[in-house]
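# Notes for the structure review
Given next are the chains, with one letter for each unit.
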Amino acid sequence: MTPAALARAVPAAALLLAVTACAQDTRESSGPTSPAPRQRTATGPAPTQPPTRTTTVNIRLTLDGRPADATLNDSTAARDFAALLPLTLDLSDFHGTERIADLPRRLDTSGAPDAAEARAGDLAYYAPWGNLALYYRDGGSSDSGLVILGHVADGDTERLATAGHVTIEAAS
């Protein structure tokens, strides 16, 4: 090997050794009794992933004594609403599209979109009034201050139209 080639090879080898040392598993630094890291093979099981954040919460509505399943989304307002559960509320009709009830306190709507358009089966929070809305018909145009919290199972949407009382609790 020529002196010029040797001058280029020595720094490259040192760099390779440094990179290789930095890439080793940190568990090796705890001593010789540490187990070697498991190698993943093409036919072996995939490593266990950490649990992912749940994006929905299952709840149960009891409408005039009859259960209905629903799901809350993962918005700030929906999580704040879930913290109020269980709730029992008296419902009244509003504009022939929704049943509404006052909540015990206002919900945190930080990060909520500017406007939402409710669809039949939606559970929503109307921030300007601080009330819960259970839509049994599509709400029409989008409304500033309306925050969709979740949705009732499709087969249970029709019962919202006549419900006078609702109990809402986390599903078990």
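Residues numbered from 1 in each chain as written. Predicted model: local features only at pLDDT ≥ 70, side-chain atom pairs only at ≥ 80, totals over all residues. Heavy atoms only, no water.

This next bit is on the sheet that holds strand S5 (residues 98-102). Taken in spatial order, the nine strands of this open sheet run S3-S11-S1-S2-S10-S7-S8-S5-S4, and their pairing is antiparallel. Each edge of the sheet is formed by a strand with only one pairing partner; in this case those strands are strand S3 (87-90) and strand S4 (92-94). Across the sheet, the mean angle separating the axes of adjacent strands is 30° when strand polarity is ignored. When strand S1 (residues 57-63) meets strand S2 (residues 66-72), the two strands line up antiparallel, connected through seven bridges. Bridge pairing in S2 places Leu 61 opposite Ala 68. (Pairing = 2+ DSSP bridges. Helix = DSSP H or I, 4+ residues; strand = E, 2+ residues; numbered from the N terminus. Axes fitted to C-alpha atoms, helices over the stretch in contact; angles between N-to-C directions.)

The next subject is the environment of Arg 99. Mapped onto the elements of the fold, Arg 99 is located in strand S5. Between the C-alpha atoms of Arg 99 and Leu 160, which are 61 residues apart in sequence, the distance is 7.0 Å. When neighbours within four sequence positions are excluded, Arg 99 is seen to be in contact with Leu 91, Ser 92, Asp 93, Leu 132, Ala 133, Leu 134, Tyr 136, Leu 160, Ala 161, Thr 162, Ala 163 and Gly 164. A distance of 2.6 Å separates a polar side-chain atom of Arg 99 from the backbone oxygen of Ala 163. (Contact = heavy atoms within 4.5 Å. Polar contact = N/O pair within 3.5 Å; in protein donor to acceptor, adjacent residues only side chain to side chain.)

A separate point is the packing of aromatic side chains. Tallying each qualifying case throughout the model produces two aromatic pairs. Judged by centre distance (5.3 Å) and plane angle (85°), the ring pair of Phe 94 and Trp 129 falls under edge-to-face. Taken together, the residues span a long stretch of sequence, with Phe 94 in strand S4 and Trp 129 in the loop between strand S7 (122-126) and strand S8 (131-135) at a distance of 35 residues. Phe 94 sits in the partly exposed class, given a relative accessible area of 24%. Both rings, one in Tyr 126 and one in Trp 129, keep their centres 5.2 Å apart while their planes meet at 85°; by these two values the pair is edge-to-face. Put simply, the rings of Phe 94, Tyr 126 and Trp 129 pair up and form one aromatic cluster. (Phe/Tyr/Trp six-rings, centres within 6.5 Å; stacked < 30°, edge-to-face > 60°. Buried < 20%, exposed > 50% of the residue type's maximum accessible area, 1.4 Å probe, protein only.)

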